[in-house]
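Here are the chains, one letter per residue:
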Amino acid sequence: MTSSNTYLTRIPLTGDEIREAFLDFFAKRGHQRMASASLIPDDPTVLLTIAGMLPFKPIFLGQQKPPALRVTTAQKCIRTNDIENVGRTARHHTFFEMLGNFSFGDYFKQQAISWAWELSTQVFALNPANLVVSVFDEDNEAANIWENIIGVSPKRIIRMGAFDNFWAAGPTGPCGPCSEIYYDFTPHLGDDNINLEDDTRFIEFYNLVFMESNRDANGHLTPLATKNIDTGMGLERMAQILQKKSNNYETDLIYPLVEKAAKLAKINYMYADEKSKASLKIIGDHCRAIIHLVSDGVTASNLGRGYILRRLLRRVVRHGRLVGINKPFLVTIGKASIELMVKTYPQLNIRKQTILNELEREEARFLGTLERGEKLLAELIESNSKYISGEQAFELYDTYGFPLELTQEITEENGLTVDVAGFESAMNAQRQRAKEAKINIDVTVQSVIDKIADNIEGTKFYGYDVLEYSSHIIALIVNGEVVQEASEDDVVGLVLDATPFYGESGGQVGDRGTITGLPSDTRNLKIAIDSVFRCRGLFVHSGRIQAGKVRIGDAVRAQVDYRLRRKVQAHHTATHLLQAALKKLIDSSITQAGSLVDFDHLRFDFHYSDHIPVDKLNDIENLINDWIAESHLLEVSQMKLEQAKAKGAIAMFGEKYGAEVRVIDVPGLSMELCGGTHVTNTGEIGLFKIISEAGVASGIRRIEAIAGTAVLPYLNERDALTKELGDQLKVPVHQLVTRIETLQEELKATNKSLTLARSTLVSSQAMALISNVENVNDFQILVASLNEVEASLLQTAAKELQEKLGDNSAICLGSVSESGKVNFVAVFGKNVVNIGQHAGKFVGSIAKICGGGGGGRPSIAQAGGRDKESFEHALQIAKQELISFLNLTYCK
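This one's a predicted model, so the numbers in the text were calculated from it and none came from an experiment. (Residues numbered from 1 in each chain as written. Predicted model: local features only at pLDDT ≥ 70, side-chain atom pairs only at ≥ 80, totals over all residues. Heavy atoms only, no water.)

1. Points about the UniProt feature "coiled-coil region" (unreviewed entry) in the protein
Within this structure's numbering, the places UniProt gives as "coiled-coil region" (unreviewed entry) are residues 733–760. With 89% helix and 0% strand, the stretch residues 733–760 has end C-alpha atoms that lie 41 Å from each other. (UniProt positions renumbered as here; feature names shortened; annotations may be inferred. Helix = DSSP H or I, 4+ residues; strand = E, 2+ residues; numbered from the N terminus.)

Below, the structure written as structure tokens:
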């Protein structure tokens, strides 16, 4: 097993470099690069995107055609099922990025293994001696490829059982063995008795799934006609390996946020106790998840995805308090999170204000409950009880968001104890009740709905024509189980025999509304429906029972919120007009890559390589508003798929259509296959406004826009903003641009003057240091500090000193910036270099004392660190090493 890095001039080290190297590797091998899908998956039965393969689930199940035979992605994912381990282990996260390469009936096992090994050992230059592979214990083919084709030692090929190394979509369906690549941090321990469960020695970083069989209801396996490859490499794990960190949190993907939180807490992460380190890691991890959830459209609530977001937000706040951050800080850490990830995910910048507003609002709400919780705890302490019961501690946690750790700390100070076992019992009971927060996701359709679909007829949909309809409940789901009845405050999934509610599909969100009893019903039933999804012909209405009880067989009245329906209809028809305008004004070959039609906005992704200039966006907007003003009547018809295509109807590539399709036609403007809800006349849309246009992946652009009643709040907000700016700058609104340009020029000139003045001052300070020069065997050395001097000026000062002192001089200057970053510069004269001293190696070793590193040329180099407490000690060591080197050289 040999490896040589013939692919890159340097090994990818940063998270961004690792991601790009992976995607580029497979793109060069015929894979189509695709953008990360949203954290809100298209499959309405799945709460969040928890795996890189999830967006391709319909393809693996044979429900859709693949966009290409070979695909590669960097997919953002969120998992919270083991949230308690985040920050406490080296590798658990809520948010992570999964790098994947996929084959849909193209290459298979040998090629997938060969490329995985090539990527690992040549692109990422991992030493084969550090690699161990696992295979399914019955997969002799994979074991043979690893041993006889790749050349892995049999002792480093570990056979494992089905629990670890066999993937299945569910009880039935596609399945196959897995093979994983592990990194061995301590290969010197040998190859005997390798235990891959020892996560102090091994870390799994690449998983290869060979989908080769189909399992029937009796458990029998038969070969798949089309075999597929699904792989996943954890970006954070590969960063840990290549950056040689002890845990994922100290990589450049997360550590800047950990460091920011530590600065806000006024503590040094490297010297913090383990409890504080865990809190800082949790803050760094959760913030990444939070900004992406909000960016993808999740808002904090007590249901579903919103509950997950709220839980993450409140954990960040509580752990901030634990490390001493006693003021609002979510907006500050949110800005840092966006800045860290915006290059890879530019939509974060588009949604920046929405994200920050959500953080500010939720933090203020939570801090208010914390204060009330503190008052309740004070009352419990003053009650002369010797302990806080588990139920009381849980009330503090659940109602007031009060951390158990903080409850324990305060009660111990007052001589009380907390019934932790009782708290855990109450917590477990809550987990059972919190049905809306469960995220135990099966990649197949939930088995409970499968059972329902096998025994009842599909739901009839009447929502195109009416928004109220009387129907009967034919199935009830509570806590993932089919039940006969449900009561007030239960979170339920109801299946009706007929409904006016639109079920989420085709990019359009499901309707909201209420389900009530019939007028003759005396039970005062009311169920608030917050989402509706479709599965195997059933419409599942999800919501909470606000009053009354409900049983299977009950007659009910389903009522769609007509205001929200009107909003989503306006956005859906506007989306069709947007695609038509893009084809007319930009490029007739533009095709849709994805969309979201929501109540308050629309998002349209399309295949196009170039940025669309502002003037073109204005033309698009004006054209659509002209079409709206012209009040075109929409024509809706059902026809055979081939007939629709012959008429020129646009179909979404990769979408699965039946033999009979629904066609939405705006005569002369747009004709699309679509099952969504629409206005009857374009005039009903009212107004259309483009909010943003940006690239989201190679060859894919995204336009976000608003229509109808959503436009007025947007315009009012900007009108108020421009008026406020005009007042602040004391100019009329129409002169704002001119005034801002003038201020920018003034600021630019001022900064230039300040830079010049600063440079002159630093130069003067540097020359004043000459009196501190020491002579060692005819060599002049100067080791000194210039406080709060940035790296570029520090280097200039060191060069000026070396030129002043001559070829026998060795200069090392250090500085600590206002932000606490440590900088070092070493500049050596040519005679110092000639006797064997190297500035790059020298300054790099000094920077390590401050937890950093760096390097450069033999004559000039710079380095940095983050531990300012060790700064003075590092300068002392630098001086001692120079003196020792020159004395030793002189003696020789």
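Once the structure has been displayed, the description carries forward.
2. Regarding the domain arrangement of the protein
Segmenting the protein into domains produces domain 1 (15–243), domain 2 (255–383), domain 3 (385–429), domain 4 (443–560), domain 5 (567–715) and domain 6 (772–889). Between the C-alpha centres of domain 4 and domain 5 the distance comes to 30 Å. At the interface, nine residues of domain 4 touch 11 residues of domain 5. Around 860 Å² of area is buried between domain 4 and domain 5 when both sides are counted, 55% of it from carbon and sulfur atoms. When the buried surface of domain 4 facing domain 5 is broken down by residue, Tyr-464, Gln-508 and Val-509 rank first, second and third, together holding 57% of it. The interface formed by domain 4 and domain 5 includes zero salt bridges. (Domains from an automatic or database assignment. Contact = heavy atoms within 4.5 Å. Buried area = accessible area lost by both parts, 1.4 Å probe. Salt bridge = Lys/Arg side-chain N within 4 Å of Asp/Glu carboxyl O.)

3. Describing the sheet that holds strand β25 (residues 635–640)
As summarised here, the arrangement of the three strands in space is β25-β26-β27, forming an open sheet in which the pairing is antiparallel. Edge positions in the sheet fall to β25 and β27 (670–673), since each has one partner strand and no second. The average angle at which neighbouring strand axes cross in this sheet is 25°, direction not considered. Where β25 and strand β26 (residues 660–666) come together, six bridges link them in antiparallel fashion. Across the sheet, residue Val-636 finds its bridge partner in β26, namely Ile-664. Across the sheet, helix α17 (residues 562–585) lies against β26 and β27, angled at about 120° from β27, the strand it touches most. (Pairing = 2+ DSSP bridges. Axes fitted to C-alpha atoms, helices over the stretch in contact; angles between N-to-C directions.)

4. Structural notes on the pattern of salt bridges
What the rule picks out here adds up to 28 salt bridges. Residue Arg-29 is joined to Glu-118 by a salt bridge in which the shortest nitrogen-to-oxygen separation is 3.1 Å. With Arg-29 in the loop between α1 (15–27) and β1 (32–34) and Glu-118 in helix α3 (residues 109–123), this residue pair connects regions lying 89 residues apart in the sequence. Among the ionic pairs, Glu-362 bridges to Arg-310, the shortest N-O distance being 2.9 Å.

5. Quick look at unusual backbone geometry
Phi is positive for Ser-631, which is not a glycine, with a value near 55°. Structurally, Ser-631 is set in the loop between α18 (614–629) and β25. Here Ser-631 falls in the partly exposed class, since its relative accessible area comes to 36%. Positioned with a positive phi, Asn-777 is a non-glycine residue whose angle comes to about 55°. The residue Asn-777 is located in the loop between β30 (774–776) and β31 (779–785) in this model. Its relative accessible area of 24% is what places Asn-777 among the partly exposed residues. (Buried < 20%, exposed > 50% of the residue type's maximum accessible area, 1.4 Å probe, protein only.)

6. Thoughts on helix α10 (residues 330–341)
The end-to-end C-alpha separation of α10 is 16 Å, in line with the 16 Å expected for 12 residues at 1.5 Å each. Taken together, the buried positions of α10 are occupied by Leu-330, Ile-333, Gly-334, Ala-336, Ser-337, Ile-338 and Met-341. (Expected span 1.5 Å × (residues − 1).)

7. Points about the UniProt feature "binding site: Zn(2+)" (unreviewed entry) in the protein
In the numbering used here, UniProt assigns the feature "binding site: Zn(2+)" (unreviewed entry) to His-572, His-576, Cys-674 and His-678. With the annotated positions falling across 107 residues, the maximum pairwise C-alpha distance of 9.9 Å places them together in a single cluster. Topologically, His-576 is positioned in helix α17. You can see Cys-674 is positioned in the loop between β27 and β28 (688–697). Setting aside chain neighbours within four positions, we find Cys-674 in contact with His-572, His-576, Arg-662 and Ile-664.

8. So, empty space enclosed by the protein
Unfilled space is identified by rolling a water-sized probe across the atoms. Inspection of every chain in the model, using the stated rule, returns two cavities of 30 Å³ or more. There is about 60 Å³ of room inside the largest cavity. Lining of the largest cavity is provided by Ser-295, Asp-296, Gly-297, Gln-347, Arg-351, Leu-596, His-601, Arg-603, Arg-702 and Glu-704. Each residue belonging to the lining of the largest cavity can be placed in one class, and the counts come to one nonpolar, four polar and five charged. Each of domain 2 (255–383) and domain 5 (567–715) gives at least three residues to the lining of the largest cavity. In this structure, the second largest cavity encloses a volume near 30 Å³. If you trace the second largest cavity, you find it lined by Cys-287, Ile-290, Ile-291, Leu-330, Ile-333, Gly-334 and Leu-359. When residues of the lining of the second largest cavity are traced back to their parent elements, those giving at least two are α8 (274–295) and α10. When grouped by side-chain class, the residues that make up the lining of the second largest cavity number six nonpolar, one polar and no charged. (1 Å grid on protein atoms, 1.4 Å probe; cavity = no way out; pocket = protein on both sides within 12 Å on 5 of 7 lines; lining within 4 Å. Points joined across faces, edges and corners; volume = space filled by probe spheres on them. Nonpolar A, V, L, I, M, F, W, Y, C, P; charged D, E, K, R; others polar.)

9. Observations regarding the pairing of strand β29 (residues 700–707)
For β29, a buried count of eight out of eight residues is recorded, marking the element as mostly surrounded by other parts of the structure. Burial of the side chains of β29 extends over both faces: Ile-700, Arg-702, Glu-704 and Ile-706 are buried on one face and Arg-701, Ile-703, Ala-705 and Ala-707 on the other. Alignment of strand β24 (residues 602–607) against β29, held across six bridges, turns out to be antiparallel. Bridged to Asp-605 within β29 is Arg-702.

10. Brief notes about the side chain of Thr-573
By the element assignment, Thr-573 lies in helix α17. Residue Thr-573 is classed as buried on the basis of its relative accessible area, which comes to 1%. For Thr-573, the side chain forms a polar contact with the side chain of His-678, separated by 2.9 Å. In this view, Thr-573 contacts Leu-634, His-678, Val-679 and Ile-685; residues no more than four positions away in its chain are not counted. (Polar contact = N/O pair within 3.5 Å; in protein donor to acceptor, adjacent residues only side chain to side chain.)

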